[in-house]
Amino acid sequence: MSAQDTKSLWADAFSRLVRDRWALISLVIVLVYAGIAVLATIGWGLPDWKTSQASEYLAPNGQFWLGTDLFGRDVFAKVIHGTKIAMSVGLVTSLIAIPIGVFIGAIAGYFGGWIDDIISWFITTFSSIPNIMLLISITLIMGKGLVSVYLALGITGWVGLARLIRGEVMKHKEREYVHAASAIGGGHFRKLFIHILPNVTHLVIINTSLQFQTAIKSEVILSYLGLGVQGEPSWGTMIDDARQELARGVWWQLAGATFAMFLVVLAFNILGDALRDSLDPKLKGK
Amino acid sequence: MTTYIIRRLLYMIPVIFGVSFIIFVLFNVVAGDPAPLLLGKHATVQQIHDLREQLGLNKPLFAQYMDVVKSAFTFDFGRSWATRQDIIEMIRQGAWPSLTLTIPAFMISTILSILLALVVAFYRGKGIDLTIRFLCIAGQSISSVAYILFFQYFFAYKLGWFEISGYEPEFPVFLSYVALPGIIWIVLSLGPDVRFFRTVILDEIYQDYVRTARAKGLGEITVLLKHVLRNAMIPIITYVVIQIPFLILGALLLESFFSIPGLGGITLNALNSSDFPVIKAMAVLSSIAYILFSLLTDVLYTLADPRVKLK
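Residues numbered from 1 in each chain as written. Chains lettered and ligands numbered in written order. Predicted model: local features only at pLDDT ≥ 70, side-chain atom pairs only at ≥ 80, totals over all residues.

1. Thoughts on the overall build of chain B
Counting its regular elements, chain B contains 15 helices and zero strands. Overall, chain B is about 85 × 55 × 35 Å in size when its C-alpha atoms are taken along their principal axes. A buried classification covers 33% of the 311 residues belonging to chain B. Of the contacts made within chain B by residues no fewer than 6 positions apart, 71% connect residues no fewer than 24 positions apart. (Helix = DSSP H or I, 4+ residues; strand = E, 2+ residues; numbered from the N terminus. Buried ≥ 20, exposed ≤ 12 C-beta atoms within 10 Å, placed from the backbone. Contact = placed C-beta atoms within 7 Å.)

Below you can see the structure in the form of structure tokens.
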């Protein structure tokens, strides 16, 4: 038996992932953004965005790479700090949506019967209301600000994953390894959480990468609607500011925020696709 | 099939109860008392009491929930808090501008995406496939708000090719107003659509029947159009039909940027003035549309694939 054959699925998936050059670059980009977000949160080592340092709307130059905004603040520093909101929106909404989706989907798929009927009804009901209506309603009711954005995106984000996990768990619960677990006296809890769930983890990982980019893009829309983050630079509010600025020829705020967002969403996109390929057990060892 | 449709229509009832419940919880329970909000800071206790009476907010919660359910079945949503207009009348007026924007844009983008997907599937793995796929992913990674801002600024304001904003309901005048938002819609849809259709087509392309078709000497184009596309129809139908309810809701962002007085615009105005009944009505109506169209998808399956039997 060669060393290749003894590799675990995860080690194999990882080695396939890093062999894909684009996926590796994307992973590095995501990690760099995450690092910047951490630095911005602890407030260490990043350029200052709060103070007015020059006159309003300076075009990009050697000192201010992306020019200045209405208050003479450094747009480049704002873009950098916006990373914090973007990444935290992605992280917090994933932390809300993914456990809900996994739990609800797993319970429905595993137990079937009337439990599945009720949960399926719940999923159908929830997905019948267009996401944008739910987002608007939740943020309208909870008030403006970051917490509402987290909640709104978290509460709307679980449906797709729940449906996916439900279908996958249904397939798995009749497999031999689960029957084997029953035979040695494993209970429902043990079979579902110890045996089946690790086999659907790849769906969770792929979905997290999807949830991140959806959240980052939705933050911009909510900010445009005036429901977003207040009092802190975010790419959404910067793009929203550009509505008034473009007619005056001020393009740098829009360009900076759009590009920063483009790069990380693109990285999540490519990473998501690569994860799907590398985590597919059917492709193991290829 | 008739029994199936009847059963699905009956299943709508618990779903509508569920949708009403979510909307009720959001607006009648979590949202708190809207009366002080509507009357302003200087309202007297008597005024607030009268308004609550008038809006049915001093009823027990269960009765308020039944009001939401009733509105979903009778389509009687009452009047807007902001404009005092009958909500169903507002929606009837907003439907035309929305549909003149979304239907042509939706049809063009769907057909264009399917054609593009066939082209990239034909050249799978080659340069043109990789380029279009990369453009799709890259295009999808840019914020829709950024697209709208840039296109409006560049094509309407700078170059003056299109109207910057506004709307006229007469044909063909409305075309000059909906053309640019329509183009933005198409550009926004191409990325996800082409990627989805490509995957669906490639799932079919390695099937045995495709090998058989090639083996009997059919050209690749005939294979793609007559065999592969036909068999890929089920996921394509699901994907396309389920988007239709969202056309009715209108292109929320596009309408507000281009001042098109459609349903999306109505929803956003309601949002800005905390006009709960209008938002509730839009949420209920779009959910009902969603349920009806997902039923339609299932019925269309039987047309696309005779093997599908609805029981």
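2. A short note on the overall build of chain A
The helix and strand tally for chain A stands at 13 helices and zero strands. Listed by position from the N terminus, the elements making up chain A come as α-α-α-α-α-α-α-α-α-α-α-α-α. Referenced to the eigenvectors of the C-alpha coordinate spread, the extents of chain A come out at roughly 75 × 50 × 30 Å. With 286 residues in all, chain A has 48% of them scored as buried. Sequence separation of 24 or more characterises 68% of the internal contacts of chain A that already satisfy a separation of 6 or more.

3. Let's talk about the interface of chain A and chain B
If you look at the interface, chain A gives 31 residues, while chain B gives 33 residues. The set of elements that each furnish at least two residues to the side of chain A that touches chain B consists of helix H5 (113-128), helix H6 (131-142), helix H11 (201-224), helix H12 (235-245) and helix H13 (252-279) of chain A. Residue contributions to the side of chain A that touches chain B peak at eight residues, all from H13(A). Of the residues that constitute the side of chain A that touches chain B, the class distribution is 23 nonpolar, six polar and two charged. (Nonpolar A, V, L, I, M, F, W, Y, C, P; charged D, E, K, R; others polar.)

4. Let's talk about the domain arrangement of chain B
One frequent convention defines the size of an interface as the accessible area lost when the parts assemble. Residue and element names in this part refer to chain B. For chain B, the domain assignment lists domain 1 (2-74) and domain 2 (90-304). One C-alpha centre belongs to domain 1, the other to domain 2; they are set 33 Å apart. If you look at the interface, domain 1 gives 14 residues, while domain 2 gives 10 residues. Mapped by element, the contributors of at least two residues to the side of domain 1 that touches domain 2 are helix H1 (2-30) and helix H4 (61-74). For the side of domain 1 that touches domain 2, the element with the highest residue contribution is H1, accounting for nine residues. Split by residue class, the side of domain 1 that touches domain 2 holds 11 nonpolar, two polar and one charged. (Domains from an automatic or database assignment.)

5. What to know about the confidence of the model for chain B
Chain-level statistics for chain B give a pLDDT mean of 85 and a share of 98% at 70 or above. For this predicted complex, the interface score ipTM comes out at 0.80, while the overall pTM is 0.84. (pLDDT = per-residue confidence, 0-100.)

6. Things to note about the environment of B:Lys70
Residues and elements named next belong to chain B. By the element assignment, Lys-70 lies in helix H4. With 11 C-beta atoms counted inside 10 Å, the residue Lys-70 sits in the exposed group. On a C-alpha basis, the gap between Lys-70 and Phe-17 in space is 9.5 Å, while along the polypeptide they are 53 residues apart.

7. What to know about the nonpolar core
Residues A:Ile239, A:Val264, B:Val145 and B:Leu254 are the most contacted members of the largest nonpolar core, which totals 134 residues. Sorting elements by how many residues they give to this core places helix H4 (residues 75-111) of chain A first, with 17 residues. Here this core spans two domains, since at least three of its residues come from each of domain 1 (2-74) and domain 2 (90-304) of chain B. Once you skip the residues sitting within four places of it in the chain, B:Leu254 turns out to touch B:Leu101, B:Ile148, B:Pro181, B:Ile184 and B:Trp185. (Core = buried A, V, L, I, M, F, W, Y, C linked by C-beta atoms within 7 Å.)

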